[in-house]
Amino acid sequence: MKIERVKTGIKGLDILLQGGFPKGSTILITGGPGAGKTIFSLEYLVKGAQKFKERGVYISLEEDIERIIFSVKSSFNWPIEKLIKKKLLRLTRAELYDFNKLRMLIEDEVSAINAERLVIDPITILSLYFENPLEIRRGILRLDKMLKELGCTTILTCEIPEGMLGISSFGVEEFTSDGIITVSYTHLTLPTKA
């Protein structure tokens, strides 16, 4: 049986993925601070809207939306505001610390534009919604079930503290995801003139 794929539109990535992410899958993008997880996930939404006319929703659990828009416009010249006006893209910050309200917000945002792509950035913040690790795990499992029901091809970002071993913060995200991409950065030392 052939797997239906959703092209990311990110240069070179769709070739590596043999056509893109499996449709309806949940992909975990994990890495340290500043490694490019937010940029990666926003490019997935922007290219999806520009190249394939697929509507996308970005849910920020941390960053201010205006700051994100300014940053990507000035760095990459992506037409985020134009895509928002055309109802191909929706960016929302979740300013609530109630897990059930967060789930309702995600459902409302996806249904508002009938989104096919979804990003939740970063799910690491979910720890603030719960009192103990077991509740966090249960919450992530419930979130994954809801995401599958929505039918979006979803990216979850997860920040790993520097020096921490493993690929996720809670040790369960990788088990609820259909695929994992780890991003990192390299420190470059430029040669000095003698």
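Residues numbered from 1 in each chain as written. Predicted model: local features only at pLDDT ≥ 70, side-chain atom pairs only at ≥ 80, totals over all residues. Heavy atoms only, no water.

Let's shift gears to the pairing of strand β7 (residues 153–159). Where burial is concerned, most of β7 is hidden: six out of the seven residues are buried. Pairing geometry for strand β3 (residues 26–31) and β7, over six bridges, is parallel. Each residue of the ladder has a partner; that of Thr-30, found in β7, is Cys-158. Pairing geometry for strand β6 (residues 117–121) and β7, over four bridges, is parallel. Among the inter-strand pairings, Arg-117 is bridged to a residue of β7, identified as Thr-153. (Buried < 20%, exposed > 50% of the residue type's maximum accessible area, 1.4 Å probe, protein only. Helix = DSSP H or I, 4+ residues; strand = E, 2+ residues; numbered from the N terminus. Pairing = 2+ DSSP bridges.)

Time to look at the pairing of strand β8 (residues 179–183). Of the two faces of β8, the one lined by Gly-179, Ile-181 and Val-183 is fully buried and the one lined by Ile-180 and Thr-182 carries no buried residue. Relative to β8, β3 runs parallel, the two sharing five bridges. Across the sheet, residue Leu-28 finds its bridge partner in β8, namely Ile-180.

The next point concerns the environment of Gly-56. Tracing the backbone shows Gly-56 in strand β4 (residues 56–60). Counting along the chain gives 98 residues from Gly-56 to Thr-154, while the straight-line C-alpha distance between them is 9.5 Å. If we skip the residues at most four places from it in the chain, Gly-56 touches Leu-45, Leu-88, Leu-89, Arg-90, Ile-113, Ala-115 and Arg-117. (Contact = heavy atoms within 4.5 Å.)

A word on unusual backbone geometry. Going from Asp-121 to Pro-122, the amide bond is cis rather than trans, its omega being -15°. Counting through the fold element by element, Pro-122 comes out in the loop between β6 and α6 (133–150). Non-glycine residue Lys-53 carries a positive phi angle of around 55°. For Lys-53, a relative accessible area of 52% gives the class exposed. Of note, Asn-114 is a non-glycine position whose phi angle comes to about 55°, a positive value. In this fold, Asn-114 is placed in the loop between α5 (99–113) and β6.

To continue, consider the packing of aromatic side chains. Within the structure shown, the criterion is met by two aromatic pairs. Relative to Trp-78, the ring of Phe-76 has its centre 4.7 Å away and its plane inclined at 20°; by these criteria the two rings are stacked. Classification of Trp-78 as buried rests on a relative accessible area of 8%. (Phe/Tyr/Trp six-rings, centres within 6.5 Å; stacked < 30°, edge-to-face > 60°.)

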